[in-house]
Amino acid sequence: MNQCILRSPKPEDWPEIAELFANSIPNALASSLGRRFGVCYYRHIAEDPEATSIAAFDKAGTLAGIVIGTLNRQRVLRPPFILKLRLLAAAHFRLFSPAFLRWLADSRHTTKRQDSENTQLHAELLMIAIAPGFRGQRLASRLIDELERFFRNKGLNKPYIIHTEKSNHAANIFYEQIGARFAGTNLYHNKQINEWYKTVAQT
Ligand SMILES: CC(C)(COP(=O)(O)OP(=O)(O)OC[C@H]1O[C@@H](n2cnc3c(N)ncnc32)[C@H](O)[C@@H]1OP(=O)(O)O)[C@@H](O)C(=O)NCCC(=O)NCCS
């Protein structure tokens, strides 16, 4: 069992957290829009009143991992206008980068949501990443336990959603191992995205 300390991130932790996400999930659009964008975006979704974030640090204070989850995914999908402006400013000239233009062009390759079972689910595991040197020590499992403690304390009585790229082998095995249920694959901006549902453990 790893010896990391878990706590809420402090404002000064966000640049390191954005760096960890960018390095751990390089295919994500946010990872290609620069650290200022990452700090602004991740901090905003984590500090939403209906969200939580839990970071893990080793004894030397090195960031080992982070999880962000929300009770209300609609608030992440539809950011307020003022935040959109701040994100645009933070992304700066990267909005003309090939990665961003490709993402825009690929928006037509997105599965149209039908009236499926997921429309009634609002909570979501938004992001999780463990720094390479700390993987394989059950740290992500610990962070999930803490996220579920938050969901339980808030009275969540439905499964929460998890999305990850189909090609992310480690993450898909991880979600299966923690007891999530595979619900299908959708196209999102021409990427194959797996959807998982996870029931909050009642311990
Ligand atoms: C996926 C990730 C979060 C797992 O973190 P972790 O702390 O190493 O995971 P755990 O040690 O808690 O693993 C629990 C179980 O998941 C499975 N698992 C985790 N990583 C695995 C891997 N690379 N390959 C195969 N199985 C894996 C194992 O069954 C493991 O149990 P075991 O140790 O008894 O074999 C980590 O690899 C990571 O940060 N990846 C990059 C970021 C990312 O892809 N995030 C998810 C997309 S949002």
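Placed above this text is the structure.
What counts, and at which threshold
Residues numbered from 1 in each chain as written. Predicted model: local features only at pLDDT ≥ 70, side-chain atom pairs only at ≥ 80, totals over all residues. Helix = DSSP H or I, 4+ residues; strand = E, 2+ residues; numbered from the N terminus. Buried ≥ 20, exposed ≤ 12 C-beta atoms within 10 Å, placed from the backbone. Core = buried A, V, L, I, M, F, W, Y, C linked by C-beta atoms within 7 Å. Contact = placed C-beta atoms within 7 Å. Pairing = 2+ DSSP bridges. Right-handed = clockwise from strand over helix to strand, strands pointing away. Near = placed C-beta within 6 Å. Nonpolar A, V, L, I, M, F, W, Y, C, P; charged D, E, K, R; others polar.

## Let's talk about unusual backbone geometry
And then number 1: Although it is not a glycine, R138 adopts a positive phi angle of roughly 70 degrees.
And then number 2: Among the structural elements, R138 can be located in the loop between β4 (124-130) and α6 (139-153).
And then number 3: Residue H189 is not a glycine yet carries a positive backbone phi of 50 degrees.
And then number 4: When you line up the elements, H189 lands in the loop between β6 (181-188) and β7 (191-198).
And then number 5: C-beta crowding within 10 Å serves as the criterion here: with 15 such atoms nearby, H189 is assigned to the partly exposed category.

## So, the nonpolar core
In globular proteins that are soluble, nonpolar side chains generally tend to be buried together.
And then number 1: Counting 44 residues, the largest nonpolar core has I17, F21, Y42, V67, I68 and L143 as the members making the most contacts within it.
And then number 2: When contributions to this core are tallied by element, the ones reaching two or more residues are α1 (14-24), α2 (35-46), β2 (51-57), β3 (63-70), β4, α6, β5 (160-165) and α7 (169-177).
And then number 3: Setting aside anything within four residues of it in sequence, one finds L143 in contact with I54, A56, G65, V67 and I128.

## A word on the pairing of β4
And then number 1: Within β4, seven of the seven residues are buried, which leaves it mostly tucked inside the rest of the structure.
And then number 2: Pairing geometry for β3 and β4, over six bridges, is antiparallel. Residue pairing in the sheet places G65 in a bridge with I130 of β4.
And then number 3: Relative to β5, β4 runs parallel, the two sharing two bridges. Paired with L125 across the bridge in β5 is I162.
And then number 4: Read as a crossover between parallel neighbours, the route from β4 over α6 to β5 is right-handed.

## As for the site of the ligand
And then number 1: Lining the immediate surroundings of the ligand are 20 residues, of which S24, R135, A140, S141 and A170 lie closest.
And then number 2: Broken down by secondary-structure element, the contributors of at least two residues to the shell around the ligand are β4, α6 and α7.
And then number 3: Among the elements that line the shell around the ligand, the one with the most residues is α7, at five residues.
And then number 4: The class makeup of the residues in the shell around the ligand is 11 nonpolar, seven polar and two charged.

## Thoughts on the pairing of β7
And then number 1: Bridging between β5 and β7 involves six bridges; their strand directions are antiparallel. By the bridge assignment for β7, I162 is matched with W196.
And then number 2: By the bridge criterion, seven bridges tie β6 to β7 in an arrangement that is antiparallel. By the bridge assignment for β7, N186 is matched with I193.
And then number 3: Hairpin connection of β6 to β7: two residues between the antiparallel strands, including H189 at a positive phi of 50 degrees.

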